[in-house]
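The chain contents come next:
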Amino acid sequence: MRFLMTTSKADPPDDKLVAEMDRLVEEMTRKGVLLAAGGLDPVGTHVSSSGGKVTMTDGPFTESKETILSFALVEVRSKEEAIELAKHFWLIVGNGEGAIRQVYGPE
Amino acid sequence: MTVPEAHRAVDAVWRLESARIIAGLARLVNDVGLAEELAQDALVAALRQWPESGIPPNPGGWLMATARHQAIDRIRRSERLRRNLELLGHEARQQQQSAIFDGQPDLDAVVEGEGVRDDLLRLMFISCHPVLSTEARVALTLKLLGGLTTGEIARAFLSTEPAIAQRIVRAKRTLASRQIPFEVPPEPERAARLASVLEVIYLIFNEGYTATAGDDWIRPELCYEALRLGRMLAELSPAEPEVHGLAALMEIQASRMRARLGPAGEPIPLLEQNRGAWDQLLIRRGFAALLRAERLGRPPGPYMVQAAIAACHARAQRAGDTDWERIVALYELLAALTPTPVVELNRAVAVAMAFGAARGLELVDPLLARPELRDYHLLPSVRGDLLARLGRHEEARTEFERAAALARNARERAVLLGRAAARPPGGQAGPSGSRPAGFP
């Protein structure tokens, strides 16, 4: 099963964190669990659709609590495994907030 | 934290970390069986302590440290182990060898301060050692590298827990009594040993992808397990093209997992699948792995060629877009590398698609004399397809019936009987009369 792990708030990374994160990515790849990972531009375009009208609004947005800053897509055998991986990740990142959500499919 | 919660967490940690722990311990005590025992003891300690103390911040490290203490204890108490340890003098040499094996300095060992990567690679090689039977290699690999329980392995292979447990115990005993070293094999035997590792992983994948027996046609958990092992091996041994070839092959085949089953659990042939249901992420990962293999610039091996064939299908947006002539050329290459009747049969299917059913049938008919294919249900199944396409429905029906009688998997048998029934004796073809050749 796949889980999308996201961060929505985190301390800005320093060189040490970047190096540790590279190593974590390497280790998760070697474990065969990491499918994809990436960072997202916090300045995006907000989309809303109502009654057949699609409206786009360019960011940045002040309501940044739900903004996803980075993600990792993992393939694991249980939710608990995803949680263990996330713990490992947050031990390196330090303070912040994020989410773990199951991705439906491909099974 | 409740006890069941803690147990689930311990279980997850075990699945993620046990291979590394067993591999590290095996290097320490030079005995895979003992290493697993020590790791299991640490697991038991965790199950006892963690529900009260909570999960430690670095659970894998906790398990490793606990097991290592127990290992050192045992070494102090055992003369045999002390002798084993003296053998560790040659470990430095082994590490150099594996650095050469990977074609680059072992940066990882330097960075991590311990050769985790080499240990895992050694564990793969020893679990797939040719002194063991194929079944034993598969079971040991799933146990030691996949972190599966004997119960899970038994369920996956429709066997019983005691049978699997015994298979594993015997395998570990064989490795110990034959004094198989915990090493990355040196040059003369390396290629054959790597081939055994690849074979075991692909066997696990195929058992999941097309279950040979039982009621389910696919057991996805085995496919994911094999994929995970393949991805792991690709990182452990990145200079070997066939390692990436196998990873590419499994990624691309797994991308079709969701599209291969109909609503009633019946298998759907490749050319009839809804390509929109193919997993594009896995396809891209497969292409990337194939590229990695190709960039190593060595002559392609059988896994790379099979991955290239799978990539041809993945590239075609509609079944009609498939580049069959390229697939024929790739099967010719594959037949030169591994001249087996099954490859010949697949080549015949490709030829039929590229140049017409009659040309395909010309290649299939001589295979009827091959004793290896006498009980292979896909031979009459393919032949039935080709005969049907040529309008020879009576003969096609006989072939589908024969295929159904040979198929050991219930779902597959049902599909084949359906095809036979669609061709009533002496009558016209039924609705699925135009079905294309249905190789998976």
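Every value quoted in this text rests on a predicted model; they were computed, and no experiment measured them.

Draft legend 1. Geometry of helix α16 (residues 324-337) of chain B. Residues and elements named next belong to chain B. Across its 14 residues, α16 extends 20 Å between first and last C-alpha, which sits within 8% of the 20 Å expected from 1.5 Å per residue. The set of residues buried in α16 consists of I327, V328, L330, Y331 and L334. Buried positions in α16, seen along its axis, are confined to an arc of 165 degrees and lie on one side of it. If you follow the buried residues of α16, they end up packed against α15 (302-315) and α17 (341-355).

Draft legend 2. Layout of the sheet that holds strand β1 (residues 2-10) of chain A. Residues and elements named next belong to chain A. Overall, antiparallel pairing links the 4 strands, which are arranged β2-β5-β1-β6 in an open sheet. Of all the strands in the sheet, the pair left with one neighbour each is β2 (34-39) and β6 (96-103). Across the sheet, the mean angle from the axis of one strand to that of its neighbour is 15 degrees, orientation sign disregarded. Of the strand pairs in this sheet, β1 and strand β5 (residues 70-75) are connected by 6 bridges, and their pairing is antiparallel.

Draft legend 3. Up close: the interface of chain A and chain B. Contact with chain A, which involves 18 residues of that partner, is made by 22 residues of chain B. Elements represented by at least two residues in the side of chain A that touches chain B include exactly α1 (15-30), β2 and α2 (79-93) of chain A. For the side of chain A that touches chain B, the class distribution of residues is 5 nonpolar, 4 polar and 9 charged.

Draft legend 4. Inspection of unusual backbone geometry at higher detail. All names here are of chain B. The backbone of N30 shows a phi angle near 55 degrees, a positive value even though the residue is not glycine. When you line up the elements, N30 lands in the loop between α1 (3-29) and α2 (32-53). Backbone geometry at Q179 places phi at a positive 50 degrees, although glycine is not the residue there. Assignment of secondary structure puts Q179 in the loop between α10 (161-177) and α11 (187-209). A count of 10 C-beta atoms within 10 Å places Q179 in the exposed class.

Draft legend 5. Broad picture of the environment of P371 of chain B. You can see P371 of chain B is positioned in the loop between α18 (357-364) and α19 (378-389). The spacing of P371 of chain B and A405 of chain B is 34 residues in sequence and 17 Å in space, taken between C-alpha atoms.

Draft legend 6. A look at the packing of α17 of chain B against α18 of chain B. All names here are of chain B. At a closest axis distance of 6 Å, the pairing of α17 and α18 adopts a crossing angle of 165 degrees. With respect to each other, α17 and α18 are oriented roughly antiparallel. The way α17 lies across α18 gives a crossing that is right-handed. On α18, the residues that touch E344, L345, R347, A348, V349, V351, A352 and F355 of α17 are A357, R359, G360, L363 and V364. When its residues are assigned to classes, the contact of α17 with α18 shows 9 nonpolar, 1 polar and 3 charged.

Rules used in this analysis
Residues numbered from 1 in each chain as written. Chains lettered and ligands numbered in written order. Predicted model: local features only at pLDDT ≥ 70, side-chain atom pairs only at ≥ 80, totals over all residues. Helix = DSSP H or I, 4+ residues; strand = E, 2+ residues; numbered from the N terminus. Expected span 1.5 Å × (residues − 1). Buried ≥ 20, exposed ≤ 12 C-beta atoms within 10 Å, placed from the backbone. Arc of directions from axis to C-beta. Contact = placed C-beta atoms within 7 Å. Pairing = 2+ DSSP bridges. Axes fitted to C-alpha atoms, helices over the stretch in contact; angles between N-to-C directions. Nonpolar A, V, L, I, M, F, W, Y, C, P; charged D, E, K, R; others polar. Parallel < 35°, antiparallel > 145°, perpendicular 65-115°, else oblique. Left-handed = near helix turned anticlockwise from the far one by under 90°.

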